Amino acid sequence: MATFKRHSLLSSFFTLFPFLILANPAHAAPYQTRILETGTTFKAPDPYGPWQMIPSNPTEDLAYIKTTNTGTGRVEVHIASGSSRFQTRTLEVGTTFVSEDNGTWQLIDADGDGKPDLVYIKTRNTGTGRVEVHIASASSNYQTRILETGTTFYPEDNGVWQMADFDHDGKLDLIYIKTRNTGTGKVEVHVASGASNYQKRIQEVGTTFSPEDDGTWQMVDFDHDGKLDLAYIKTQNTGTGRVEVHIASGSSTYKSRVQEVGTTFYPEDDGFWSLSDFNHDGVLDLVYIKTQHTGTGSVEVHVASGRS
């Protein structure tokens, strides 16, 4: 496996002056220390669908939802275990979905059985004339659809779609982070409730962010207050010259920023960025799944610790 080179001025500074880490711990920032950099079982490049981390132990697993150019002619789910440092594939299966890419794919537990179901938020070319939610259950090995419904949203693709339990009622809600062509002149958060079968909107609000699309947007509970916060992982055109993490709190209805920091990563966009608790220490880490232009010739997983 190729050796990774660190390109962090902050890391070099601490190498020269390690006593400053102990003397001034309060001044340390999150996302400066990489806790994992590894190649995986997947060859790079493989740009035929989204990659994400999914819950597992002792660390998260690496999942690949392959939506086009599949061997089965179906959308496929591939999973490599975190316990094997992503060298062993624990699942490779074709699903109920014919290969297509007209929206957003996500693995998340939709039916409460602790297994990641396959969600397809279809945002264009829909039969109902609305954005649609389609879910195939993990318990059926992704062969049985447990939900197919149109929603309150008309088809559009001016931002990011995500499923999450926004209102903590045990049902996944449909979240639309609208990043351009917004009515408020700001990035907006729109939420349709799972309890209403996605017919009722329970939030529509402008945020502290001006419209831009230089990175990845995500809803996460960053500060553990039970409300989803709005995270922006800015991967290009940054002020610090680094990939940056910006977070607006859900408790302020996205008006106050509770985190803005440069990270150990230089700006690049050769894969998928996300915030997740990779090592289960209760703090969200910054995960970069690099799918092309990798040093190892394989898809790589890079993780920077969220701890200061």
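This section reports on the structure supplied with the text. Just so we're clear, the structure is a prediction, and the values are computed from it rather than from any experiment.

1. What to know about the sheet that holds strand β4 (residues 74-80)
Inference 1: The 4 strands are arranged β2-β3-β4-β5 in an open sheet whose pairing can be described as antiparallel. The outermost strands of the open sheet, each flanked by one partner alone, are β2 (51-54) and β5 (89-98). Between one strand and the next, the sheet's axes are offset by a mean angle of 25 degrees, whatever the strand orientation.

2. Details of the pattern of salt bridges
Inference 1: Here the structure, examined in full by the defined rule, presents 12 salt bridges.
Inference 2: Linking E37 and R34 is a salt bridge whose minimum nitrogen-to-oxygen distance equals 2.7 Å. For the pair E37 and R34, a shared accessibility class is recorded, and that class is buried.
Inference 3: For the salt bridge of E148 with R145, the shortest nitrogen-to-oxygen distance reads 2.8 Å.
Inference 4: Residue classification places R145 among the partly exposed residues on the basis of a relative accessible area of 31%.

3. Structural notes on the packing of aromatic side chains
Inference 1: For the structure shown, the criterion picks out 16 aromatic pairs.
Inference 2: Between F153 and Y176, the aromatic rings sit 6.1 Å apart at their centres with planes inclined by 80 degrees, giving edge-to-face as the arrangement. Here the residue F153 occupies a position in the loop between β9 (145-150) and β10 (159-164), and Y176 occupies one in strand β11 (residues 173-178), the gap between them amounting to 23 residues. Y176 carries the same exposure label as F153, and that label is buried.
Inference 3: When the ring of F209 is compared with that of Y232, the centres are 6.1 Å apart and the planes differ by 80 degrees; the resulting orientation is edge-to-face. Linking F209 in the loop between β13 (201-206) and β14 (215-220) with Y232 in strand β15 (residues 229-234), this pair joins segments that are 23 residues apart in sequence.
Inference 4: F209 gets classed as buried once you look at its relative accessible area, which sits at 2%.
Inference 5: Residue class for Y232 comes out buried when judged on its relative accessible area of 1%.
Inference 6: Joined through ring pairs, the aromatic side chains of F42, W51 and Y64 make up one cluster.
Inference 7: Sitting over the ring of Y154, R130 keeps its end group 3.8 Å from the ring centre.
Inference 8: Here the guanidinium or amino end of R242 rests over the ring plane of Y266, the centre of that ring lying 4.0 Å away.

4. Overview of the environment of Q143
Inference 1: Structurally, the position occupied by Q143 is in the loop between β8 (132-136) and β9.
Inference 2: Once residues within four sequence positions are removed from consideration, Q143 is found in contact with V93, G94, T95, T96 and S137.
Inference 3: Here N141 takes part through its backbone oxygen, which lies 2.8 Å from a polar atom of the side chain of Q143.

5. Observations concerning unusual backbone geometry
Inference 1: Cis geometry is found at the peptide bond from A44 to P45, where omega equals -5 degrees.
Inference 2: You can see P45 is positioned in the loop between β1 (34-43) and β2.
Inference 3: The peptide bond linking N57 to P58 adopts the cis configuration, its omega dihedral lying at 5 degrees.
Inference 4: Looking at the element boundaries, P58 is found in the loop between β2 and β3 (61-66).
Inference 5: Backbone geometry at H168 places phi at a positive 55 degrees, although glycine is not the residue there.
Inference 6: With respect to the helices and strands, H168 occurs in the loop between β10 and β11.

6. Looking at the sheet that holds β9
Inference 1: Strand order in the open sheet formed by 4 strands is β6-β7-β8-β9, with antiparallel pairing between adjacent strands. Each edge of the sheet is formed by a strand with only one pairing partner; in this case those strands are β6 (103-108) and β9. Averaged over all pairs of adjacent strands, the angle between strand axes in this sheet comes to 15 degrees, irrespective of strand direction.
Inference 2: As judged from the 5 bridges shared by strand β7 (residues 117-122) and β8, these two strands associate in the antiparallel manner. The residue of β8 that forms the bridge with I121 is V133.

Quick notes on the rules
- Residues numbered from 1 in each chain as written.
- Predicted model: local features only at pLDDT ≥ 70, side-chain atom pairs only at ≥ 80, totals over all residues.
- Heavy atoms only, no water.
- Pairing = 2+ DSSP bridges.
- Helix = DSSP H or I, 4+ residues; strand = E, 2+ residues; numbered from the N terminus.
- Axes fitted to C-alpha atoms, helices over the stretch in contact; angles between N-to-C directions.
- Salt bridge = Lys/Arg side-chain N within 4 Å of Asp/Glu carboxyl O.
- Buried < 20%, exposed > 50% of the residue type's maximum accessible area, 1.4 Å probe, protein only.
- Phe/Tyr/Trp six-rings, centres within 6.5 Å; stacked < 30°, edge-to-face > 60°.
- Lys NZ or Arg CZ within 6 Å of the ring centre and 35° of its normal.
- Contact = heavy atoms within 4.5 Å.
- Polar contact = N/O pair within 3.5 Å; in protein donor to acceptor, adjacent residues only side chain to side chain.

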